[in-house]
Amino acid sequence: MNRKKLYMQNAIDLAIKGKYTTSPNPNVGCIIVEGNKILSKSYHCKSGKDHAEVIALKNLKKKVNKKMVMYINLEPCCHTGKTGPCTKTIIDSGIKNIEIAMLDPNPVVKGKGVKELRKNGINVSIGLCKNEAIKINEDFITRHKKNRPYIVLKQAISTDFRITNPKSKWISSNLSREDSHFHRAESCAILIGSNTVRKDDPKLNVRLSKEKLLVSGSIRQPIKVILDSRLTLNINRYKVFGGKTKKIIFNSVKTKSDHKRNIDYIKVKKEKIGLDLNLIMKILANEYEIKRLLVEPGKELFSNFLSKEIFDEIIYYKSPVFVGNSGLHNMNTKKSYLKNKFLILDSVKILSNDVKIRYILKE
């Protein structure tokens, strides 16, 4: 790997450190180099706080000169949101050379940040380590390009593809369940159906320590999203409706807000196989800025997502047990799926006596 790629990969590695805390913002890392020496480095850690470029400039202990190069995995913003435009800070700093891995997919920024920098005499190169940069912000990119979150379907299954076992509360191992909480922590929201609420009574929270997540401050809990078509669930009975975390209940009955419980009820149309998932995804992306959605589905909900072909990954935690016909199958086996797309194996990981299998959906 040449030195320039090494520096950009360094910025990308820094950006990844913010994946549990930056939502709804992208993961961004930045380093400033002079010659063969890294002078300053940083990453964006929380929405509303300084962006990576601003922090790197603040941490720079040397006066800016024309030999310095800034490496960033994503195009700097040029608009005022919760913070000011990074392009102005960069221009005012005197930096004259910038390497950017990829343009920002947000139409408010896309290409405009680079144009602003070049207009002010800064040499900007684009495309270094682009594929690696895309990978770490695939959820942010999906939200802006597809108008929906990046969707991960996750199931714990037996060897014979059952998701329930009458003889045991859990199918997967302790290590698998702990690993799944890292996916919860990375997600902006978790979605389940009403049947899962009734059968499992889950809390849908992240139960990992700050030390395990390598974060400082409080742990960000994902929004809880429940599909309850006819509002049959008793919100006083189930754990998922407790606590201060935002809850969204999609249904076919009413739209209203329960401020005391921090619950938004949103009415959407009902289709033959359930609530309109495409519309729900648009609402989550646009109104709640959800860039990454973890779905923990039962049989019917999993089948519905497969039928609609609106997901990006499937993660299985496969346990070496046979449940048999007493357990619920993980999908509706009478249907055929993925007529227009296909799955590719992304990774396999051994977790105790389980196997974590990750598939990516491709056109």
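Going by the structure above, here's the rest.
Predicted model only: the values in this text are computed from it and were never measured.

S.K.: How do you make sense of the overall build of the protein chain when you look at a structure like this?
M.R.: Looking only at helices and strands, one finds 11 helices and 17 strands in the protein chain. Its C-alpha atoms give the protein chain a radius of gyration of 22 Å, near enough to 21 Å, the size a compact globule of 363 residues would have. In terms of principal-axis extent, the alpha carbons of the protein chain reach across some 70 × 45 × 40 Å. Counting every position in the protein chain, which comprises 363 residues, the buried fraction comes to 53%. A total of about 17800 Å² of accessible surface is found on the protein chain, and carbon and sulfur atoms cover 49% of it. Within the protein chain, the 34 negative side-chain charges are centred at a point lying 2 Å from the centre of the 71 positive side-chain charges.

S.K.: Before we go on, may I ask you to explain the side chain of Q155 in this structure?
M.R.: Along the chain, the position of Q155 falls in strand β6 (residues 150-158). A distance of 3.0 Å separates a polar atom in the side chain of Q155 from a polar atom in the side chain of N330. Each residue touching Q155, except ones within four places of it in the same chain, is listed here: I163, P297, G298, F302, I315, Y316, Y317 and N330.

S.K.: What is the right way to look at the packing of helix α2 (residues 52-59) against helix α3 (residues 86-93) in this model?
M.R.: At a closest axis distance of 9 Å, the pairing of α2 and α3 adopts a crossing angle of 25 degrees. For the element pair α2 / α3, the angle class is roughly parallel. In this structure, α2 meets α3 at a crossing whose hand is left-handed. Contacts between α2 and α3 involve E53, V54 and L57 from the first element and C86, T89, I90 and S93 from the second. Within the contact of α2 with α3, the residues separate by chemical class into 4 nonpolar, 2 polar and 1 charged.

S.K.: It is not clear to me how the sheet that holds strand β5 (residues 123-126) should be interpreted in this structure. Could you clarify?
M.R.: Across a sheet, strands are paired by hydrogen bonds formed along the backbone, either parallel or antiparallel in direction. Reading across from one edge, β2-β1-β3-β4-β5 is the order of the 5 strands in this open sheet, with mixed pairing throughout. Each having just a single partner strand, β2 (37-43) and β5 make up the two edges of the open sheet. Averaged over all pairs of adjacent strands, the angle between their axes in this sheet comes to 15 degrees, without regard to strand direction. Sheet analysis places strand β3 (residues 68-72) next to strand β4 (residues 97-100), joined by 3 bridges and oriented parallel. Paired with Y71 across the bridge in β4 is E99. Across the sheet, α2 lies against β1 (29-34), β2 and β3, angled at about 135 degrees from β2, the strand it touches most.

S.K.: What am I meant to see in the state of the cysteines here?
M.R.: According to the stated counting rule, one finds 0 disulfides in the structure shown. C77 carries a free sulfur, and the closest cysteine sulfur to it, the one in C86, is 3.6 Å from it. On the basis of relative accessibility, which here comes to 8%, the residue C77 falls in the buried class.

S.K.: Could you clarify how one ought to interpret the packing of aromatic side chains in this entry?
M.R.: Aromatic rings in a pair are described by how distant their centres are and how their planes are angled relative to each other. Overall, the coordinates contain 5 aromatic pairs when judged by the stated rule. Ring plane angle 80 degrees and centroid distance 6.3 Å describe the contact between Y316 and Y359, whose orientation is recorded as edge-to-face. Within this pair, whereas Y316 is found in strand β15 (residues 313-319), its partner Y359 is found in strand β17 (residues 354-362), the two being separated by 43 residues in sequence. Judged by relative accessible area, Y316 falls into the buried class, the value being 8%. Joined through ring pairs, the aromatic side chains of F161, F302, Y316 and Y359 make up one cluster. Residue placement shows R177 over the ring face of W170; its charged tip is 4.3 Å from the ring centre. Positioned over the ring face of Y265 is K254, at 4.8 Å from the centre of the ring.

Cut-offs and rules
By convention here, each chain's residues receive numbers from 1 onward along its written sequence. At least 70 in pLDDT is required for a residue's local features to be given in this predicted model, at least 80 for side-chain atom pairs to be given and counted, and no such filter applies to totals for whole chains, interfaces and linings, which use all residues. Side-chain numbers here rest on the full set of heavy atoms in the structure, without hydrogens or water. Helix and strand assignments come from DSSP, with helices taken as H or I runs of at least 4 residues and strands as E runs of at least 2, each series counted from the N terminus. Only the C-alpha atoms count toward the radius of gyration. The rule for a globule is 2.2 Å times the residue count to the power 0.38. Only protein chains enter the accessibility calculation, which uses a 1.4 Å probe. A residue is then buried if its area is under 20% of the maximum for its type, exposed if over 50%, and partly exposed in between. With residues, only the protein chains shown are counted as cover, and all accessible areas are computed by Shrake-Rupley using a 1.4 Å probe. Positive charges come from Lys and Arg alone, negative charges from Asp and Glu alone, with His and the N- and C-terminal ends not counted. By convention, charge coordinates are those of NZ in Lys, CZ in Arg, CG in Asp, or CD in Glu. Definition of a polar contact: a pair of N or O atoms within 3.5 Å, with one able to donate and the other able to accept a hydrogen when the atoms are protein atoms, and with sequence-neighbouring residues admitted only if both atoms are side-chain atoms. Pairs of residues are marked as contacts when any of their non-hydrogen atoms sit within 4.5 Å. To get an axis, a line is fitted to the C-alpha atoms, and for a helix only the part in contact is used. The angle between two axes follows their N-to-C directions and goes from 0 to 180 degrees. Oblique is the label for every angle not falling under 35 degrees (roughly parallel), over 145 degrees (roughly antiparallel), or within 65 to 115 degrees (roughly perpendicular). Helix crossings get a hand from a simple test, with the near helix turned counterclockwise from the far one by less than a right angle marking a left-handed crossing and a clockwise turn marking a right-handed one. Only Asp, Glu, Lys and Arg are considered charged, only Ala, Val, Leu, Ile, Met, Phe, Trp, Tyr, Cys and Pro nonpolar, and every remaining residue, Gly among them, polar. Strands qualify as paired when DSSP identifies two bridges or more between them. We call a pair of cysteine sulfur atoms a disulfide whenever their separation is within 2.5 Å. When the centres of two rings from Phe, Tyr and Trp lie within 6.5 Å, Trp using its six-membered ring, the rings pair. Their planes under 30 degrees apart give stacked, over 60 give edge-to-face, and anything left gives tilted. As a reminder, the over-ring test applies to NZ of lysine and CZ of arginine, requiring each to be within 6 Å of the ring centre and within 35 degrees of the ring normal.

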